[in-house]
Amino acid sequence: MHNEILADLLFPNTDKTPDYYLAKYPARSLPEGAKVTRYAPSPTGFQHIGGVFAALVNERLASQSNGIFYLRIEDTDQKREVEGAIEDTIATMNNFGMNFSEGMTGETTEKGNYGPYKQSLRKEIYETFAKDLVRKGLAYPCFCSAEELTELREKQMAEKVTPGYHGEYAKCRNLTTEEAAERVKNGENWILRLKSPGDPEHRVKFHDLIKGNISFPENDQDIVLIKSDGLPTYHFAHAIDDALMGTTHVIRGEEWLSSLPIHVQLFSVLGFKTPEYAHIPQIMKLDNGTKRKLSKRKDPESAVSYYKEQGYPVTSVIEYLLNIINSTFEDWRHENPDLDYHDFEVELNKMSKSGALFDIIKLNDVSKNVICKFKADVVYDQYTTWAKEFDKKMYDLVTANEAMSKEIFNIDKEGPKPRKDFAKWSDVEEKIYYFFDELFYNESKETIEYPKNVNQEEAKRVITEYKKIFDITKDQNDWFSDLKEMAVEMGYAADRKSYKKDPEAFKGMVSDVAGIVRTALTHRTNTPDLYTIMQILGEEKVQERFNKFLEL
């Protein structure tokens, strides 16, 4: 019996040939050097930061080369599919500014000429290529039960042999065509396996765009191509899809590096050109001095939702990830403070070969640099958008006092070195609460901060005198001159030099007096410019706070 007959028995409803699909999905017409990349998640959960990291590398390389970045949903493991995961993936990518040229646009919608972009809808394509492999004697049906495969594995372990379905242990590999056909006709369950041509004594040399030159033994495992449910395995589907969709660069996590021998072999067996591969490092975290993989279970920052809940601007997260992708980004940003991050060229050969370390402190530093460049209107809009969902109390206060809030967000923003008060929107309340009476007067006395070596009695003495001379109409120089003159009269040194020369002769310095005024108005010792705070609060509220302070 010929393989053709067995192929027809296995796939009786498949009447197309590989040539049909090769013609249907012709080579793309793109500029020289253009890269075709993809983000191809399984819908088995909601997005995590590692997925955004991988997608960003793919999107940047495609975009900066005038290529194609597409979304393919790899849903062949339908038992583990999570409802809403596809929409979450699309929304996450759009939120992070990574808009796909092609691919899924919703649970059931897509765009592009190389679809379907959901693997469960491509079953006919996989069956066509599987049937062709059977015809060529490169694939065969396997009838082994789960129990038989378990026994096989236990035998191999006892014999200290590499486990798997290979060589003499591949029971169904050498069935005659007649025997295989008879078992199919009898209704026995089967899966389709590759008849691997590999010899582990031979090594394959390969150049990974991140790891560099690597070599590995040829694959000799007769891997599963089509499962018992009729759907393909990841290995088989990805090879066919990447070939037909014209993927030039497969950029994926380094956990897939061990599968590379299988994938290189599949491209060869199927007669496809092997794409370039780049295996990006896993995101790691320092935990008690040792590196470990960022964990969905242990680390809240692994979930994309964490960044939204905490209020990190999307740009902050992207710029931080670019720092991880290429360490040269930090110097580039320093030299180009006003350029959009899209102008930075990502280079795979400059990626770390080992785990990329995720550092929340570094993220905060990056985010402060991002937010400090936002105009006050942008800060207001982004903050209120976040607060509306995550801090209704602050949303109501800030939007009810829009003009004042924009003044607050504009403090020290106009100069060459804008203040870096906020790393994320959840920081805002603590930094600006004292502008709002509803929050300010609810503080307990115990939380009030005083300048070093200043007690409450002395602070009240200073405020009693200062409220007599306070004049909000004066400019900043005259305002400070008045404060300084009063401080000297009350026994404070006019400058640090005089105080250091004879500290016993003074109660403190002028800066201590300014600090006392700051305490009375904000209950804090570290705030933005005091004069500006007074201008925003206004004459009436300043005097009211002085009076309330004296009543403590």
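Placed above this text is the structure.
Quick summary incoming for the structure in this document. (Residues numbered from 1 in each chain as written. Predicted model: local features only at pLDDT ≥ 70, side-chain atom pairs only at ≥ 80, totals over all residues. Heavy atoms only, no water.)

### Description of the nonpolar core
- In terms of nonpolar packing, the biggest core is built from 158 residues, with Leu192, Leu225, Phe236, Phe409, Phe435 and Phe436 touching the most fellow members.
- Not counting residues within four places of it along the chain, the set of residues in contact with phenylalanine 409 comprises Ala376, Val379, Tyr380, Tyr383, Val398, Phe422, Val428 and Ile432. (Core = buried A, V, L, I, M, F, W, Y, C linked by side-chain atoms within 4.5 Å. Buried < 20%, exposed > 50% of the residue type's maximum accessible area, 1.4 Å probe, protein only. Contact = heavy atoms within 4.5 Å.)

### Overview of the packing of aromatic side chains
- Enumeration according to the criterion identifies 32 aromatic pairs in this entry.
- Geometrically, the ring pair formed by tyrosine 466 and phenylalanine 546 is edge-to-face, given 5.9 Å between the ring centres and 85° between the ring planes. Highlighted residues: tyrosine 466 in helix H19 (residues 456-469) and phenylalanine 546 in helix H24 (residues 539-550), separated in sequence by 80 residues. Just as tyrosine 466 is buried, phenylalanine 546 falls in that class too.
- Above the ring of tyrosine 380, the side-chain terminus of lysine 406 is found at 5.0 Å from the ring centroid.
- A cation over an aromatic ring shows up here: arginine 545 above the ring of phenylalanine 440, its NZ or CZ 3.9 Å from the ring centre. (Phe/Tyr/Trp six-rings, centres within 6.5 Å; stacked < 30°, edge-to-face > 60°. Helix = DSSP H or I, 4+ residues; strand = E, 2+ residues; numbered from the N terminus. Lys NZ or Arg CZ within 6 Å of the ring centre and 35° of its normal.)

### Notes on the sheet that holds strand S12 (residues 283-287)
- Strands sit in the order S13-S12-S14 across an open sheet of three strands; the sheet is mixed. Unpaired on one side and paired on the other, strand S13 (290-293) and strand S14 (356-358) mark the two borders of the sheet. For this sheet, the mean angle separating the axes of adjacent strands, direction not counted, is 50°.
- One ladder, built from three bridges, connects S12 with S14; its direction is parallel. Paired with methionine 284 across the strands is leucine 357, a residue of S14. (Pairing = 2+ DSSP bridges. Axes fitted to C-alpha atoms, helices over the stretch in contact; angles between N-to-C directions.)

### Some remarks on the side chain of arginine 252
- Relative to the helices and strands, arginine 252 resides in strand S10 (residues 249-253).
- The buried charged residue arginine 252 lacks any salt bridge, with aspartate 242 as its nearest oppositely charged partner at 6.4 Å.
- A distance of 3.1 Å separates a polar atom in the side chain of arginine 252 from a polar atom in the side chain of histidine 263.
- Discounting residues that sit within four places of it in the chain, arginine 252 has contacts with Tyr234, His238, Leu260, His263, Tyr277, Ala278, His279 and Ile280. (Lys, Arg positive; Asp, Glu negative; His and termini not counted. Salt bridge = Lys/Arg side-chain N within 4 Å of Asp/Glu carboxyl O. Polar contact = N/O pair within 3.5 Å; in protein donor to acceptor, adjacent residues only side chain to side chain.)

### Quick notes on the pattern of salt bridges
- Counting across every chain of the model gives 42 salt bridges.
- Arginine 28 is the salt-bridge partner of glutamate 102, the closest N and O atoms lying 2.6 Å from each other. One end of the pair, glutamate 102, is in strand S3 (residues 102-104); the other, arginine 28, is in the loop between helix H2 (18-24) and strand S1 (36-39), and 74 residues separate them in sequence.
- The closest approach of N and O atoms between glutamate 449 and arginine 524, which form a salt bridge, is 3.9 Å. One end of the pair, glutamate 449, is in the loop between helix H18 (437-440) and H19; the other, arginine 524, is in the loop between helix H22 (510-522) and helix H23 (530-537), and 75 residues separate them in sequence.
- Looking at glutamate 449, the relative accessible area reads 32%, which means it is partly exposed.
- Of the residues examined, arginine 524 reaches a relative accessible area of 12% and is grouped as buried.
- Among the charged side chains, a network of salt bridges with common partners joins Arg38, Arg72, Glu74, Arg122, Asp241 and Asp242.

### Here we look at the sheet that holds strand S5 (residues 139-142)
- A sheet is described by the order of its strands in space; here three strands give the open sequence S5-S6-S9, paired in antiparallel fashion. The sheet is open, and its two edges are formed by S5 and strand S9 (224-226), each paired on a single side. Here the strands of the sheet are splayed against their neighbours by 45° on average, with no regard to which way each runs.
- Of the pairings in the sheet, the one linking strand S6 (residues 191-194) to S9 comprises two bridges and is antiparallel in character. Following the sheet pairing, leucine 192 is matched in S9 by isoleucine 226.

### Remarks on unusual backbone geometry
- Each neighbour pair has its own omega, and for glycine 115 with proline 116 the value is 0°, a cis peptide bond.
- Along the chain, the position of proline 116 falls in the loop between strand S4 (110-111) and helix H5 (123-135).
- Phi at asparagine 288 takes a positive value of approximately 55°, unusual for a residue other than glycine.
- Looking at the element boundaries, asparagine 288 is found in the loop between S12 and S13.

### Section: the packing of helix H15 (residues 392-400) against helix H16 (residues 402-409)
- The geometry of H15 relative to H16 is characterised by a closest axis approach of 5 Å and an angle of 100° between their N-to-C directions. Looking at the two axes, H15 sits roughly perpendicular to H16. In contact with Val398, Thr399 and Ala400 of H15, H16 contributes Glu402, Ser405 and Phe409.
- A class-by-class count of the residues in the contact of H15 with H16 yields three nonpolar, two polar and one charged. (Parallel < 35°, antiparallel > 145°, perpendicular 65-115°, else oblique. Nonpolar A, V, L, I, M, F, W, Y, C, P; charged D, E, K, R; others polar.)

Don't take any of this as a statement about function, it's just geometry.
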